[in-house]
Amino acid sequence: MATQDVTEDVSPGRASFLYDPRIRSLFVQIVVVLLLILGVWWIVDNTLENLRRSNISTGFDFLKGRSGFDISDQLIAYSSNSTYGRALVVGIANTLMVAVTGIIAATIIGFLVGIGRLSNNWLIRKIATVYVEIFRNIPPLLVILFWYQGVLALLPNVRGSYVLPFGSYLNSRGFYLPSPVWGEGAWLVLAGLAIGVALSYFVARRAKARQAATGQQFPVFLTSVALILGMPLLGFFLAGMPLTFDLPQKGAFNLNGGLNIKPEFLSLFLALSFYTASFIAEIVRAGILGVSRGQTEAAAALGLSSSQSLRMVVIPQAMRIVIPPLTSQYLNLTKNSSLAVAIGYPDLYAVGGTILNQTGQAIEVVVVFMVVYLTISLLTSLLMNWFNAKMALNER
Amino acid sequence: MQEHDLSWVRTEMTLAQRAPSREAGAFAWGRKNLFATPLNSLMTAIAIVAVAWFLPKILSWVLFDAVWTGADRTACLTTAQGGELPVGWSGACWPFVSSRFGYFMFGRYPLDERWRVILTGVIFIALLVPLLIPRVPYKGLNAVLIFGVFPVVAFILLLGGVFGLQHVETSLWGGLMVTLVLSYVGIAVSLPLGILLALGRRSRMPVVKLLSVIFIETVRGVPLVTVLFMAAFMLPLFVPPGVTFDKLLRALIGVALFASAYMAEVIRGGLQAIPRGQYEGADSLGLGYWQKMGLIVMPQALKLVIPGIVNSFISLFKDTTLVLIISMFDLLGTVKQSISGDPTWATPQTAKTGYVFAALIFWIFCFGMSRYSMFMERRLDTGHRR
């Protein structure tokens, strides 16, 4: 038998080393890194040179210096003798204040309008549509300025303030409300609230377990409302009603006492919450429309009423679609709160700008901005991701 | 069996009758759409009261009680404030807008040179309209003209300094013109840069991917104000001493970088929605990376995310107003400046009038863009919804 000539060790035809994807990608990455290092080196070199020429010291030591400027709206104690660092903290607190109140208001308005967009009622539907189309298409900064210069600045001065119920006043210096002053034993009220919340949580859990086991329902909502309102009230009476109100008093030139909500805050709050609400409304609408029709029909077939099917079938599923874009709207609102600088509300950005003008520490101030805003963004994302995971579909 | 008597058979159709009033007509429509349930009726009543309260007020402020002519602020003041209108009057002060209209459109651009801005605008519209109408041919040529040739022409026309045109510094630019320049550059830069960043973020090269992620997430995590602030205060520090940067250019860089980060995320969404088979199909045809992306993946991905892209354009357009914070005068900036810095028109109604005017202009642009995107979405919908 003729032996066949078998060539051993056939190596696959190696392409040229230029065409090896691994080598190519390595090469590209090395080039990118080199370019980056060169660019950064060039920037750092220029910056150091520029800073040296204009005699600006680097580092965060300036934060310990005396600030020397006043801040009109402060949630924590601050005076012009405080440090720059403290001024920044006041700014952060104000940013958070606007963000939190704005998010709450925008969520409420947005959900109402979003559900209104899908209402059976023609008039409600049209009003909601007009609201969304108007506010979505106008820059928020314009709305802030409109409220600030166009509306709130036109309110009468202190002497001619509008008198509102419960001893409140509205004038060009803002909104004056009675502020509650808690007396001795007020902690009982807080304790009552905590107990009420904890109890309703347990009631809800027990009721759910019982319904799963026996099918019997329990009026969880009413019980929770009674507990959450009732326990603090009980504490309130036990402590002997330790609450008085500090009413704003009309003086010759000013209103004294009470809680003053400044027009800067009011404009910012109104503009941001109305603007963001128009986006939230669209998100909610898309979420509800995203729940398939079969779900509603199945709920009806089970004999659920329309409100029950909305509450127990549609909304839990819509929430899954709603939460991710809702998170980005919350982040947008937080970031948009930096528009405060246009009307002089002392948020982080405005305070940072003042500090920059006084000290010239541009890089350090920008680093502070970045760190704070990125931290807020990250924390909000984490919180919403946790919420999202809780609401996510438990697929078996 | 009983026989049926078929002696009478109808030979013509009965005449069509009107639908019962319970089912059709205004009354039935109202019952179905406004008063379906007691709760619905209550909401309708509240809504009617609210509309009846607000709408006449708004209309009379904008139209019926508004002042339409006048030379200065006295036209818009009440007798108590030193004018002639009755006390308690409230209405728009339109002569303020008409007298400052040129400023709102062109800023402090020299009066004799404004034809250049108008000409640029006309060229832009002449190039844009055929690009937007799907039936007009030569889309490729049109796109080259509007994104390749037009910027050069506009740059020469607006800035001048060559061909005998007077040089007009960018610090004199202002008004709607600056808003449009910022938006145009932002859009023209952010789309290609966003595509590159999105591809970078999905790249298999770890370094490229990491850098793209860092850039995108940092920019998206901070407000535009901070980015503009960096562009305004830190860019001058980054260049060698003596080199100066034009202020408008700095704002343009800030806006464009900011917009590209958002654009990148929108496009990444489109890339993720393209099934793996498309990538693999391109690979098996022997296409290289750029051929695969440019010929197979991108056309499909971009089509999927057109609504998202237009949304980014709309937010970019609205975001250009923020340049007023680094003291530049776009449309909103000129309006604000006229309101607080112009004693000829200082009346209580000026601020409201000016902002309503600016809001109307912004609204027209944004609403137009969103409607166009809805139109394109419907047109490009191939029915392959997954």
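Residues numbered from 1 in each chain as written. Chains lettered and ligands numbered in written order. Predicted model: local features only at pLDDT ≥ 70, side-chain atom pairs only at ≥ 80, totals over all residues. Heavy atoms only, no water.

What follows covers helix α10 (residues 247–273) of chain B. For an α-helix the count is 3.6 residues per turn, leaving residues at separations of three or four pointing the same way. Its 27 residues give α10 of chain B an end-to-end C-alpha distance of 40 Å, which sits within 8% of 39 Å, the value for a rise of 1.5 Å per residue. Taking the backbone nitrogen of Leu 248 of chain B as reference, a side-chain oxygen 3.1 Å away marks Asp 246 of chain B as the first, capping residue of α10 of chain B. (Helix = DSSP H or I, 4+ residues; strand = E, 2+ residues; numbered from the N terminus. Expected span 1.5 Å × (residues − 1). Polar contact = N/O pair within 3.5 Å; in protein donor to acceptor, adjacent residues only side chain to side chain.)

This paragraph deals with the domain arrangement of chain B. Residues and elements named next belong to chain B. Annotation of chain B at the domain level lists domain 1 (101–173) and domain 2 (180–328 + 346–380). Distance from the C-alpha centre of domain 1 to the C-alpha centre of domain 2: 21 Å. Contact residues are listed per partner, giving 14 residues for domain 1 and 10 residues for domain 2. Of all residues in domain 1, the largest losses of buried area upon contact with domain 2 belong to Leu 132, Pro 134 and Thr 170, amounting jointly to 44% of the total for that side. Taken together, domain 1 and domain 2 are joined by 0 salt bridges. Along the contact surface separating domain 1 from domain 2 lie 2 residue pairs in polar contact (both at pLDDT 80 or more). Looking at the side of domain 1 that touches domain 2, the elements that each hand over two or more residues are α3 (94–106), α4 (114–132) and α5 (139–159). If one sorts the elements of the side of domain 1 that touches domain 2 by residue count, α5 sits on top with 5 residues. (Domains from an automatic or database assignment. Contact = heavy atoms within 4.5 Å. Buried area = accessible area lost by both parts, 1.4 Å probe. Salt bridge = Lys/Arg side-chain N within 4 Å of Asp/Glu carboxyl O.)

In this section: the packing of helix α8 (residues 224–233) of chain B against α10 of chain B. All names here are of chain B. Contact pair α8 / α10: the axes reach a minimum separation of 8 Å and the direction vectors enclose 140°. If you check the angle between α8 and α10, you find them oblique. For the element pair α8 and α10, the recorded crossing hand is right-handed. Counting all contacts with α8, which are made through Leu 224, Val 227, Leu 228, Ala 231 and Ala 232, the residues of α10 involved are Arg 250, Ala 251, Gly 254, Val 255 and Phe 258. Here the contact of α8 with α10 is built from residues that sort into 8 nonpolar, 1 polar and 1 charged. (Axes fitted to C-alpha atoms, helices over the stretch in contact; angles between N-to-C directions. Parallel < 35°, antiparallel > 145°, perpendicular 65-115°, else oblique. Left-handed = near helix turned anticlockwise from the far one by under 90°. Nonpolar A, V, L, I, M, F, W, Y, C, P; charged D, E, K, R; others polar.)

Residues and elements named next belong to chain A. Here, the residues flagged by UniProt with the feature "transmembrane region" (unreviewed entry) are residues 26–44, 88–113, 134–155, 185–204, 225–245, 265–284 and 365–387. Each end of residues 134–155 is marked by a C-alpha atom, and these two atoms are 25 Å apart; helix forms 68% of the span and strand 0%. Annotated as 67% helix and 14% strand, the span residues 225–245 places its first and last C-alpha atoms 25 Å apart. (UniProt positions renumbered as here; feature names shortened; annotations may be inferred.)

We now examine the pattern of salt bridges. Going through the model one piece at a time under the given rule, you end up with 11 salt bridges over all chains. Of the charged contacts in the structure, one is a salt bridge between Glu 133 of chain A and Arg 371 of chain B, with a shortest N-O distance of 3.2 Å. Here Glu 133 of chain A, found in helix α3 (residues 122–136), pairs with Arg 371 of chain B, found in helix α15 (residues 350–380), and the two come from separate chains. Among the residues examined, Glu 133 of chain A registers a relative accessible area of 11% and is labelled buried. Measuring nitrogen to oxygen at the nearest pair gives 4.0 Å for the salt bridge that ties Arg 136 of chain A to Glu 282 of chain A. Here the residue Arg 136 of chain A occupies a position in helix α3, and Glu 282 of chain A occupies one in helix α7 (residues 263–290), the gap between them amounting to 146 residues. (Buried < 20%, exposed > 50% of the residue type's maximum accessible area, 1.4 Å probe, protein only.)

It is worth spelling out the packing of helix α2 (residues 84–117) of chain A against α3 of chain A at this point. All names here are of chain A. Taken N-terminus to C-terminus, the directions of α2 and α3 make an angle of 130°; their axes are 7 Å apart at the nearest point. Relative to α3, the element α2 lies oblique. α2 and α3 meet at a crossing whose hand is left-handed. Only Ile 124, Arg 125, Ala 128, Thr 129, Tyr 131 and Val 132 of α3 make contact with α2, whose side of the interface consists of Ile 109, Val 113, Gly 116 and Arg 117. When grouped by side-chain class, the residues that make up the contact of α2 with α3 number 6 nonpolar, 2 polar and 2 charged.

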